[in-house]
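The residues making up each chain are set out below.
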Amino acid sequence: MTSTRALATPSPSAPFGATTIERRALRDDDILIDIAYAGICHSDIHQAREEWGTASFPMVPGHEIAGTVAEVGAAVTRHAVGDRVGIGCLVDSCGECEQCKNGEEQFCERGAVGTYNSRGYDGEETMGGYSRQVVVSERFALRIPEGIGLDEAAPLLCAGITTWTPLRRWGAGPGRSVAVVGLGGLGHMAVKLAAAMGADVTVLSRSSAKQDDATQLGATDYLATGDDGVLESAKGRFDLVVNTVSASLPINDYLATLKPMGVLANVGIPGEAWTVSPGSLVGGSKVLAGSNIGGIPATQEMLDFCGQHGIGASVEVISADQVDQAYDRVVEGDVRYRFVIDVATIPAE
Ligand code: NAP
Ligand code: ZN
């Protein structure tokens with residue numbers, strides 16, 4: 001076992017505090033990672049605040065992890081000490097079912113093991129990346145290409161792969177008009193990736209506050225959806241709308257911005273429902289789709305693409321004592337565009 005320092009919250013309404021947790025002794029296929037940075041995903045907030053239902057406490061969130069390999073188990077072949085690696089939302093899956101064999105481990109028929117707020121096949125609660133070290137099977141560690149800093153790499157492990165998957169599945173590329181709804185952690189990655197794929201990207205954000213940033217990120221157009229009549233004026237414009245909003249939306253109005261046969265791919269997971277009127281789908285033979293992170297092979301493909309295109313997340317690096325404030329700022333939409341925790345600032349005992 002390895003003792004390591006971590007940031008934990010004891011209950012849905014309590015602040016984070018430093019604590020010591022145990023990481024398991026290395027199994028033959030495990031690696032020990034010295035974490036450098038951990039991103040703050042809105043899913044961390046949904047879970048730590050029990051917006052998705054009962055969660056497990058104390059909770060150490062964090063599924064956007066970047067660091068360096070510190071030790072390897074006896075049978076490890078994919079990674080060596082000193083390698084720069086990342087861990088995303090998954091730390092185990094059965095490896096034998098149809099979904100795992102297809103590299104879609106997130107859909108494992110036995111149930112994939114989440115990086116935190118989950119239980120390993122050994123029955124132990126999993127603890128995430130707001131921590132100095134983590135032990136994980138080498139199958140779930142991704143190579144981080146040279147040229148991407150570990151701070152800007154961490155958010156690729158969730159925000160990157162979660163937006164990559166629907167953009168690839170629904171054909172973002174030259175000649176296709178893609179709208180990204182919500183310019184936060186996922187949204188800003190969707191803009192960077194879709195622009196690098198060659199699509200025409202429009203950002204739909206609540207106000208005009210992020211307009212200059214959107215242009216910098218690669219968008220060619222921008223709509224402030226809080227202004228009267230703006231959504232109306234965008235009727236029938238987009239081939240693909242990627243919705244990253246963490247709250248409920250008037251989804252019929254967004255479906256109306258699609259061209260006939262267009263696709264609204266939803267990745268946001270608010271705790272509340274939306275109302276979809278059948279006519280808003282049937283009228284233009286539209287598709288309303290969901291998309292859940294991505295498997296390990298696709299995550300590596302996304303990271304390699306980011307390496308080739310010089311893409312990292314746009315981050316604000318924070319220290320351990322700023323996490324509670326960062327959560328409030330994310331909820332307010334006040335992050336440019338992902339907070340990452342420098343885990344070296346988690347106080348020693
Ligand atoms: P985030 O950084 O908070 O970004 C969400 C954005 O949504 C905000 O920046 C804001 O953009 C917009 N927004 C927030 N509240 C809104 C409201 N009341 N009305 C309209 N727009 C609002 O969050 P994130 O980390 O990108 O995560 C986004 C969502 O995706 C979360 O629900 C998260 O749980 C989910 N998620 C899903 C997956 C998956 O596998 N599908 C993976 C990771 C995360 P503007 O200020 O530009 O309007
Ligand atoms: Zn996430």
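Residues numbered from 1 in each chain as written. Chains lettered and ligands numbered in written order. Predicted model: local features only at pLDDT ≥ 70, side-chain atom pairs only at ≥ 80, totals over all residues. Heavy atoms only, no water.

Structural notes on the packing of helix 4 (residues 159-169) against helix 5 (residues 185-196)
- Close contact between helix 4 and helix 5 brings their axes to 8 Å; oriented N to C, the two are set at 50 degrees. One way to sum up the angle between helix 4 and helix 5 is to call them oblique. Crossing geometry of helix 4 relative to helix 5 is assigned as right-handed. Residues Ala-159, Gly-160, Thr-162, Thr-163, Trp-164 and Leu-167 of helix 4 pack against Gly-185, Leu-186, Met-189, Ala-190, Leu-193 and Ala-194 of helix 5.
- The class makeup of the residues in the contact of helix 4 with helix 5 is eight nonpolar, four polar and no charged. (Axes fitted to C-alpha atoms, helices over the stretch in contact; angles between N-to-C directions. Helix = DSSP H or I, 4+ residues; strand = E, 2+ residues; numbered from the N terminus. Parallel < 35°, antiparallel > 145°, perpendicular 65-115°, else oblique. Left-handed = near helix turned anticlockwise from the far one by under 90°. Contact = heavy atoms within 4.5 Å. Nonpolar A, V, L, I, M, F, W, Y, C, P; charged D, E, K, R; others polar.)

Things to note about the coordination of the zinc ion (ligand 2)
- Only Cys-41 (SG), His-63 (NE2) and Cys-158 (SG) from the protein reach the zinc ion (ligand 2) as donors, at distances of 2.0 to 2.2 Å.
- Considered as a linear motif, the donors of the zinc ion (ligand 2) on their single chain read C-x21-H-x94-C. Remark: His-63 occurs in the loop between helix 1 (42-48) and strand 4 (65-72) and Cys-41 occurs in the loop between strand 3 (30-39) and helix 1; sequence separation between them is 22 residues. Across the pair, His-63 and Cys-41 agree in class, each one buried. (Donors = N, O, S within 2.8 Å, 3.2 Å for Na, K, Ca; no water. Buried < 20%, exposed > 50% of the residue type's maximum accessible area, 1.4 Å probe, protein only.)

Quick word on the pairing of strand 3
- By the criterion of burial, strand 3 is predominantly enclosed, with eight of the ten residues buried.
- Taken together, the five bridges between strand 3 and strand 8 (residues 133-137) define a ladder with antiparallel strand orientation. Note that in strand 8 the partner of Leu-32 across the bridge is Val-135.
- Pairing of strand 3 with strand 4 involves seven bridges; the strand directions are antiparallel. Note that in strand 4 the partner of Ile-35 across the bridge is Gly-67. (Pairing = 2+ DSSP bridges.)

As for helix 4
- In terms of residue burial, helix 4 counts as a mostly covered element, since eight of its eleven residues are buried.
- Those residues of helix 4 that sit buried are Ala-159, Gly-160, Ile-161, Thr-162, Thr-163, Trp-164, Pro-166 and Leu-167.
- Just downstream of helix 4 lies Gly-171, where phi reads positive at about 75 degrees.

A few points about the packing of aromatic side chains
- On inspection of all chains with the given rule, the structure shows three aromatic pairs.
- On the numbers, 5.7 Å between centres and 50 degrees between planes, the contact of Phe-16 with Tyr-130 is tilted. Of this pair, Phe-16 sits in the loop between strand 1 (2-8) and strand 2 (17-23) while Tyr-130 sits in the loop between strand 7 (113-114) and strand 8, and the two are 114 residues apart along the sequence.
- Overall, Phe-16 belongs to the buried group, its relative accessible area being 14%.
- A residue is classified by how much of its surface remains accessible, and Tyr-130, at 0% relative accessible area, is buried.
- Three or more aromatic residues joined by ring pairs make a cluster, and in this case those are Phe-16, Tyr-130 and Tyr-327.
- Over the ring of Tyr-121 we find Arg-110; its NZ or CZ atom is 3.7 Å from the centre of that ring. (Phe/Tyr/Trp six-rings, centres within 6.5 Å; stacked < 30°, edge-to-face > 60°. Lys NZ or Arg CZ within 6 Å of the ring centre and 35° of its normal.)

A closer look at the pairing of strand 12 (residues 221-224)
- Direction of pairing for strand 11 (residues 200-205) relative to strand 12: parallel, over a ladder of four bridges. Considered in strand 12, the bridge of Val-203 is made with Tyr-222.
- Chirality of the crossover, the property in question, places the unit of strand 11, helix 6 (residues 211-217) and strand 12 among those that are right-handed. (Right-handed = clockwise from strand over helix to strand, strands pointing away.)

Focus on the site of ligand 1
- Around ligand 1, a shell composed of 28 residues is seen, among which His-42, Leu-183, Ser-205, Lys-210 and Arg-338 lie nearest.
- Take Asn-292: an N or O atom from its side chain is 3.4 Å from an oxygen atom of ligand 1.
- One nitrogen or oxygen atom from the main chain of Ile-293 is found 2.9 Å from an oxygen atom belonging to ligand 1.
- When the free accessible area of ligand 1 is taken as 930 Å², the share hidden by the protein chains comes to 91%.
- Residue assignment for the shell around ligand 1 shows that the elements contributing at least two residues are helix 1 and helix 5. (Near = heavy atom within 4 Å. Polar contact = N/O pair within 3.5 Å; in protein donor to acceptor, adjacent residues only side chain to side chain. Areas by Shrake-Rupley, 256 points an atom, 1.4 Å probe, with all protein chains shown as cover.)

Describing helix 11 (residues 323-331)
- All of the buried residues along helix 11 are Val-323, Ala-326, Tyr-327 and Val-330. All buried residues of helix 11 project into a common sector of 105 degrees when viewed along the axis, lining one side.
- Those residues of helix 11 that are buried lie in contact with strand 1, helix 1, strand 16 (315-318) and strand 17 (338-342).
- Gly-333, located one to two residues past helix 11, shows a positive phi value of around 75 degrees. (Arc of directions from axis to C-beta.)

Brief notes about the environment of Gly-284
- Along the chain, the position of Gly-284 falls in the loop between helix 9 (278-282) and strand 15 (287-290).
- Excluding residues within four positions of it along the chain, Gly-284 makes contact with Pro-260 and Met-261.

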